[in-house]
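Below, each chain spelled out in residue letters.
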Amino acid sequence: MTLGTLFIISAPSGAGKTTLVAELLSRLNNIQVSVSHTTRPSRSGETSGVDYHFVSHQQFETMVEQQQFVEHAKVHNNYYGTSEQWVKSTLNKGIDVILEIDWQGAEQVREKFPGSKSIFILPPTKQTLFERLKGRGQDSDTVIQQRIAAAKEEMSHCNEADYLVINDQFELACSQLQSIVEAKRLEINSQRQEKLLIDLLS
Ligand code: 5GP
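Residues numbered from 1 in each chain as written. Predicted model: local features only at pLDDT ≥ 70, side-chain atom pairs only at ≥ 80, totals over all residues. Heavy atoms only, no water.

Asks: Residue-level account of the packing of aromatic side chains, with values.
Replies: The full count for this structure, using the stated rule, is four aromatic pairs. Residues Phe60 and Tyr79 carry aromatic rings whose centres are separated by 5.8 Å and whose planes lie at 40 degrees to one another, so their mutual orientation is tilted. Placement of the pair is Phe60 in helix α2 (residues 57–65) and Tyr79 in strand β6 (residues 78–83), with a sequence separation of 19 residues. Counting every residue linked through ring pairs, the aromatic cluster contains Tyr52, Phe54 and Tyr80. (Phe/Tyr/Trp six-rings, centres within 6.5 Å; stacked < 30°, edge-to-face > 60°. Helix = DSSP H or I, 4+ residues; strand = E, 2+ residues; numbered from the N terminus.)

Asks: Can you tell me about the site of the ligand, naming the residues and giving the values?
Replies: The environment of the ligand is formed by 15 residues, the closest being Ser36, Arg40, Tyr52, Tyr80 and Asp102. Take Lys17: an N or O atom from its side chain is 2.8 Å from an oxygen atom of the ligand. In the model, a nitrogen atom of the ligand is placed 2.8 Å from a nitrogen or oxygen of the Glu71 side chain. Protein burial of the ligand: of its 510 Å² of free accessible surface, 88% is covered by the chains. (Near = heavy atom within 4 Å. Polar contact = N/O pair within 3.5 Å; in protein donor to acceptor, adjacent residues only side chain to side chain. Areas by Shrake-Rupley, 256 points an atom, 1.4 Å probe, with all protein chains shown as cover.)

Asks: For the layout of surface pockets, give the residues involved together with the corresponding values.
Replies: Approximately 1,800 Å³ is the volume attributed to the largest pocket. Forming the walls of the largest pocket are 50 residues, and the residues nearest its centre are Ser13, Arg40, Arg43, Tyr52 and His76. Among the elements that take part in the lining of the largest pocket, helix α6 (residues 141–155) stands out by supplying seven residues, more than any other. Considering only residue class, the lining of the largest pocket consists of 19 nonpolar, 16 polar and 15 charged. Taken as a whole, the second largest pocket encloses approximately 450 Å³ of empty space. Class assignment of the residues belonging to the lining of the second largest pocket gives a composition of six nonpolar, ten polar and five charged. (1 Å grid on protein atoms, 1.4 Å probe; cavity = no way out; pocket = protein on both sides within 12 Å on 5 of 7 lines; lining within 4 Å. Points joined across faces, edges and corners; volume = space filled by probe spheres on them. Nonpolar A, V, L, I, M, F, W, Y, C, P; charged D, E, K, R; others polar.)

Asks: Would you mind going over the sheet that holds strand β7 (residues 96–100) in detail, with residue names and values included?
Replies: The parallel open sheet is built from five strands, whose spatial order is β2-β7-β1-β8-β9. The sheet is open, and its two edges are formed by β2 (31–33) and β9 (163–166), each paired on a single side. Each neighbouring strand pair of the sheet contributes to a mean axis angle of 25 degrees, computed without reference to strand direction. Packing of helix α3 (residues 84–92) onto the sheet brings it into contact with β1 (6–10), β2 and β7, and relative to β7 it is tilted by some 150 degrees. Lying on the sheet, helix α4 (residues 103–112) is in contact with β1, β7 and β8 (117–122); it crosses β1 at an angle near 160 degrees. (Pairing = 2+ DSSP bridges. Axes fitted to C-alpha atoms, helices over the stretch in contact; angles between N-to-C directions. Contact = heavy atoms within 4.5 Å.)

Asks: So, the sheet that holds strand β3 (residues 37–38): which residues are in play, and what are the values?
Replies: One open sheet holds the four strands; their spatial order is β4-β3-β6-β5, and the pairing between them is mixed. Only two strands of the sheet have a single neighbouring strand rather than two, namely β4 (53–54) and β5 (69–75). In this structure, β3 lies alongside β6, joined through two bridges in antiparallel fashion. Counterpart to His37 in the pairing with β6 is Gly81. Here α2 sits on the sheet in contact with β3, β5 and β6, set at roughly 140 degrees to β5.

Asks: Explain empty space enclosed by the protein residue by residue, including any values.
Replies: Tallied over the entire structure, the rule returns one cavity of 30 Å³ or more. Considered as a void within the structure, the largest cavity measures approximately 70 Å³ in volume. If you trace the largest cavity, you find it lined by Ile8, Ser10, Trp103, Ala106, Arg110, Ser118, Ile119, Phe120, His157, Glu160 and Ala161. Looking at the lining of the largest cavity, the elements that each hand over two or more residues are β1, α4 and β8. Looking at the lining of the largest cavity, its residues break down into six nonpolar, three polar and two charged.

Remember that the coordinates give geometry; whether it matters functionally is a separate question.
Dropping the structure here:
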């Protein structure tokens, strides 16, 4: 059995990453998303163990000391990390893994897993991004300005990825993401066709 591939997906918030990843998962078999650990408080509608593993600062620090993370980073004043044990055991089962992480985490993962593929998702225009970051108009100007600054910081790292997808038309962006995963699965080294070859060449 071949190992699964690690796909890193990064984007500024407001690019539509979560919706795209959910659609991608519904279209493909044999692929799972890693559930990160975070010190951020859960938002309404989020479930522990599904959206994130919500942990205290103390628990997070212990996990860092015990080297339980493939990568970890401070993003918007909270800590986030990816479980090394879960990622490795899933890849070892031949299942592809998606990490939805920021550029700092992506950098660490690329070093540890040189075979990983990283994808960056950008919004089509500044206007679209700003509209999405403004949300429902319930946040203060300061909060919105902070979100815009964080999005710009994230986007400034897009050239470090292997692939770039612009989320203009949802359907197109989704099929582009799907193509990236499928092209990787079609690589010679991702396939084990010994039996077929023995038969064809006999
Ligand atoms: P949110 O708190 O809004 O769900 O996510 C905020 C940011 O944290 C997003 O950019 C997301 O990609 C990033 N993030 C989520 N999980 C992880 C993780 O495990 N590691 C890193 N480095 N970033 C993460």
